[in-house]
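What the coordinates show
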Amino acid sequence: MANLSSWNPHVETFVDSSRPSNQQDASLDVITALVKNDTLMIEELVREMEMYLTTSDNVLRARGILLLAELLTRLISKPLDNATIHSLIGFFTSRLADWQALRGALIGCLALVRRKSNVGMVLGSDARMLAKSYLQNLQVQSLAQHDRKLCFELLACLLDHYPDAMVTLGDDLVYGTCEAIDEEKDPRCLTLTFHLVEVLARLFPDPSGPIASYAGDLFDILGRYFPIYFTHPKNDELDIKRDDLSMALMHAFSSTPFFEPFAIPLLLEKLSSSLLLAKLDSLKYLSNCVLHFGADRMAKHAEVIWSSLKDAIFTSSQDPLSSLASELLEDVRSQENEVAKEALICLQRLMFQLDNSSGNMFISLIIENEDLETIFRSVISDKSYKDISAENKQKLHAIGSILSVSAKVSSACCNRVLQKNFPRLMDVLGISSRPSMDCSSNGNDVLPKRLNIGALYLCVELLTACRDLAVSSEEVSLQSPSRKDTWFVLLQNFSAPLAGAFGSILATTKSLDAEQADVYCAVKGLQLLAMFPGSFMPLSKTIYENVLMIFVSIVTGRFEEKFLWKLTLKALKKIGTSIGKFHESEKGTSYVNIVIENIVSLLSRDYCDVFLTLKLEAICDIGTAGLHFMLKVVRGLEEAISANFVEASVEGNLKSTEILVLLLESYSSRVLPWFEKHGDFEGVAMRFALKIFDQLDNSLTFNIGNNGQVLLDATMKAMRLAVGGCMQENQGLIVQRAYNILSLRTFSSLKESKLLSSVKLEGSELTHELISLSCRDEWLISLFAAVLTALRPQTPLPEVRVIVKFFMIFVLVKGHVPAAQALGSIINKWNIKANTTEVSSSCSFEEALDAILEMGPRNVLDNGPLRKCDGVYASMDIPCNLCAIVGSNSLVQTHAIVGLAWIGKGLVMRGHEKVKEITKLLLKCLLLSRKTDTVSLQKDTLEDNDGQDTHPLFARSAADAFHVLLSDSEVCLNKKFHATIRPLYKQHFFSSMMPIMLSLIKESDSAFTRAMLYRAFGHIISETPLSVLVTAAKKIIPSLLNGIAMLSLDVVNKDLTYSLLLVLSGILMDENGKEAILENANTIIAHLIGLVSYPHMMLVRETAIQCLVAMSGLPHVTIYPMRPQVLQALSKALDDPKRPVRQEAARCRQAWASTASRSLHF
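This write-up is about the structure you can find in this document.

1. Brief notes about the packing of helix α34 (residues 681–698) against helix α35 (residues 708–724)
Axis separation between α34 and α35 bottoms out at 9 Å; the angle between their running directions is 140°. In terms of axis orientation, α34 runs oblique to α35. The handedness of the crossing between α34 and α35 comes out as left-handed. On α35, the residues touching F681, A685, F688, A689, I692 and F693 of α34 are T715, A718, M719, L721, A722 and V723. Tallied by class, the residues present in the contact of α34 with α35 amount to eleven nonpolar, one polar and no charged.

2. Describing the nonpolar core
Proteins that are soluble and globular tend to have nonpolar side chains buried together. Residues M166, Y591, F807 and F962 are the most contacted members of the largest nonpolar core, which totals 406 residues. Tallying contributions element by element places helix α25 (residues 453–475) first for this core, with 13 residues. Not counting the four nearest positions on each side in its chain, F807 is found in contact with I781, F784, A785, L788, A819, A822 and L823.

3. Focus: empty space enclosed by the protein
Scanning the model with the defined rule gives three cavities of 30 Å³ or more in all. Here the largest cavity is characterised by a volume of approximately 70 Å³. Around the largest cavity sit I366, I367, N369, L372, E373, F376, I399, L403, K420, N421 and R424, which together line it. Counting residues per element, the ones that place at least two in the lining of the largest cavity are α21 (361–367), α22 (370–379), α23 (390–408) and α24 (411–429). Taken together, the residues of the lining of the largest cavity break down into six nonpolar, two polar and three charged.

4. Notes on helix α54 (residues 1054–1069)
When the terminal C-alpha atoms of α54 are compared, their 23 Å separation across 16 residues agrees well with the 22 Å that a helix rising 1.5 Å per residue should span. Turning to α54, its buried residues are L1056, T1057, Y1058, L1060, L1061, V1063, L1064, G1066, I1067 and L1068. In this structure, the buried side of α54 is in contact with α51 (1007–1023), α52 (1026–1031), α53 (1033–1047), α55 (1074–1079), α56 (1081–1091) and α57 (1098–1111).

5. Considering the packing of aromatic side chains
Taken as a whole and assessed by the stated rule, the structure comprises 25 aromatic pairs. Ring geometry for F226 versus F253: centroids 5.6 Å apart, planes at 40°, classification tilted. Highlighted residues: F226 in the loop between α13 (210–223) and α14 (242–253) and F253 in helix α14, separated in sequence by 27 residues. With respect to burial, F226 and F253 carry one shared label: buried. An angle of 20° between the planes, with centres 5.1 Å apart, marks the rings of F559 and F611 as stacked. Placement of F559 in the loop between α28 (541–557) and α29 (562–582) and of F611 in the loop between α30 (585–600) and α31 (612–623) is noted, with a sequence separation of 52 residues between them. Overall, the relative accessible area of 5% leaves F559 in the buried class. Following the ring pairs from residue to residue traces out a cluster consisting of F219, F226, F253, F259, F262 and Y285. The side chain of R63 reaches across the aromatic face of F14, ending 4.4 Å from its centre. Residue placement shows R910 over the ring face of F845; its charged tip is 5.2 Å from the ring centre.

Conventions and cut-offs
Residues numbered from 1 in each chain as written. Predicted model: local features only at pLDDT ≥ 70, side-chain atom pairs only at ≥ 80, totals over all residues. Heavy atoms only, no water. Axes fitted to C-alpha atoms, helices over the stretch in contact; angles between N-to-C directions. Helix = DSSP H or I, 4+ residues; strand = E, 2+ residues; numbered from the N terminus. Parallel < 35°, antiparallel > 145°, perpendicular 65-115°, else oblique. Left-handed = near helix turned anticlockwise from the far one by under 90°. Contact = heavy atoms within 4.5 Å. Nonpolar A, V, L, I, M, F, W, Y, C, P; charged D, E, K, R; others polar. Core = buried A, V, L, I, M, F, W, Y, C linked by side-chain atoms within 4.5 Å. Buried < 20%, exposed > 50% of the residue type's maximum accessible area, 1.4 Å probe, protein only. 1 Å grid on protein atoms, 1.4 Å probe; cavity = no way out; pocket = protein on both sides within 12 Å on 5 of 7 lines; lining within 4 Å. Points joined across faces, edges and corners; volume = space filled by probe spheres on them. Expected span 1.5 Å × (residues − 1). Phe/Tyr/Trp six-rings, centres within 6.5 Å; stacked < 30°, edge-to-face > 60°. Lys NZ or Arg CZ within 6 Å of the ring centre and 35° of its normal.

Right under this line is the structure:
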């Protein structure tokens, strides 16, 4: 047990109100730890604290009670016996009458009431006594906000956890709650008060209970808050939004049917408000009340609700054309008719409630409404959409929505709606009941020249309702509709001629001169008829297939009619999706034979035309309707890729090359991501990858045309995505197959050549030997490199020693970036813990890394490797003449830097220590200088030799290597391609490099070397997270400014200049960087003034001016001396040729001009 002296000082610290809060919190932590560890028993603590808990000193007593309460809050999961809990809850209950110590009492009660039964909880009798004390002693609305919130939380907790004990309090509880919540205004408390009403309503459902008695008083309190007007402040840490408050109030409104006499009239009154917010909330609340109040109570309001909803729908509906457009094109724009949308939801819910319990009473109100009948006749009086007035267009959409919603409710409602309206619409359209009519006919012999657009639109709306009703019946496994169901009989009788009417619109008109509304209705109508599920299908198989053929003919032949083409493609996709959803095999067979086969056949035709992109879009879109369909599509794509690959590689067909690029882009961006999401990715990706390598293996000749690099890039992208998504086992199969082809074809030919013989060649001969590699060999190497960059770390590599050797050769002699990326990926993903004999042909990680560095990068900088050819190179079978090239060929030196950069990237991302050697080599490259022909580097020094010309390309490559090291790559070494990424690796690299880089910049006395160092410094800064830079702002800002000034002199550095300016802007806008900005304010302003007229990039000028705007907010004394120079620079910027720059200049000039008035305060 703990001695009194060990914990009593902590009690004294906490109860001493003069102590800092951090000391009080620390003391509470110590006491909590002692009690949790049973070193201090809570009973002993309470006994020793008796003086603090009962003293007449109000402050001391309040702090003592608060200490015990906070301790219990932290011990909520610690088991306590019933006697202890009973004693504690009794003490805190009695303290509710002590208003000076009320906060501690509330916190203590809340901590005890929240305890679970498994650790000991308050008994029901004690909870009842607590509630009685609460109701007797607390005047909640007289308390401060935080204490009121505690009161509401305590009461809510009692109601939620002890309902049986609370029910016994009856009227006292309800009255006390009313008194507590009345006139509450704080948003943080209101959410709790609304919840209290909701819980109370559940406790007293009896019609003779206290809620029924006090319903008027309770709702009077709630009604004052409706509708909620509350603007959420931007910087409010409480995170309370208006929608949350409104939702809580809505649940309170509908919590008990006893609120019905008060809620419905209020909501209907607010529904007539001119405020959009009030209308929307009224409709949402009304819909929720309909669900909870019951049919009997809502029936007496039916007529007045219907009248209000009808008015809301007709006054808020949109143009029917835009309604169809948003649905068919899956438009995600915000709807302008939210009021009409909510009104229709409410209407449907009300019909569900009333018509299922009162004999279709509500549907009669709608069907027999004279206003609707008048509007119906009016909207079908005009044939052409353009002849309909704007008011009638709105009415057309409104009545269509009402009829559609009404018909969806039930089969009985659908019967009533269709029986009255559908035959009349058919008469207007001139359609008679002839089931045998073929929808592929033009219909000119029986149909009017132009069908009535109002009748067409209403037909589509009714078809939508019937289809939705059929789908809902199918989903809940209801029986097929009887022949006696009027809606189904009507649909069967008129579906064929109606399909013919829709088909005639599409067949006899061109969308370029036809009205869009006609096209919309025709496409939507045919789509709906084809999407009825199972036994509800109104069309015969023949007519269904004719519908599909109409759509296919549009998608495959009417590309110039983009509007119609897009609608039809969406409709075909929805039909296919519906088939998969309801597992309709017969319709699926027809869909495959008519749609999929014809769409895929586009790839086998002469499709070298301007519509190839649209054709590929159609193929991929149709495939996404289901896995079975996509498998058919991907087979067609694979055949097209193979056929065009042969024509492009063997015959050098330029058209085939262009087509192949588009095919591969579709495969990468549409097909593979879809399979990755919906399944069967492995089989598709494996087949693609192996097929590509097989075609390269089987090609006797390989002659890619002028677009060879574009095609290779597209193929490599697809290969990476395919391999990257495969599991380890399948990746291993792909790697082995690719390596076998590469070793048999390419590696073996190189071994037989003079390149790897013992004959010593001149450098030019060796270079020529590699440059003269066949096009196919270069493709094999590039695609194999793409495979390696996408592998998982656990995937084993065959003969990794050989792979590393040859890839390094290609990097050195040809500057082969994919090979360098592959080397970086190998190093990054190397499983050091794995058995080396299993994964890497007895080559350890350290051996491979040393071999890579010795083959090239070290040799670039030091003659040592030349002397080691008999050592390391001999063991790697690397000829000594390659060493000579590396040491003397400046192009090879630059290539070596490329390899070094990607290898270093692999190391820095995994946090390996060898990255230090990489960065040391890169820094040597930055400082490397030479005379006319000979590279000379003084050993163990980083000084730039005066009087010697620096090699610019070499040094610039070394500087840009730092960009590769830290930038995010899309093609390799990222999460998608399973890179090993150490957390905070950029931060670690920055911390280790910055002192060295700043020191080198300071010591450099050569202008060119300093420029290259700033270039490297800029790359590091640009890729480091801003939070790290802000922390080190005082150290880096001087060099950052000097770097911007030096780099801005050369147009080559314009992108890097912009990146550094963004860094400066980020530091400037961060509160933690203000101190560093103030220390360098004048220098920063001077540099920004220079960038206002930067000629090479508009973004630099715009951002520099934005930074000057931010600088104008600094203290007046600091910036005022620079005001004349700033205003002079801005006067020129006002004439900038780019409008964004002029706008920012005007804003900046106003900000700096206003600094003169601020001088009056000094």
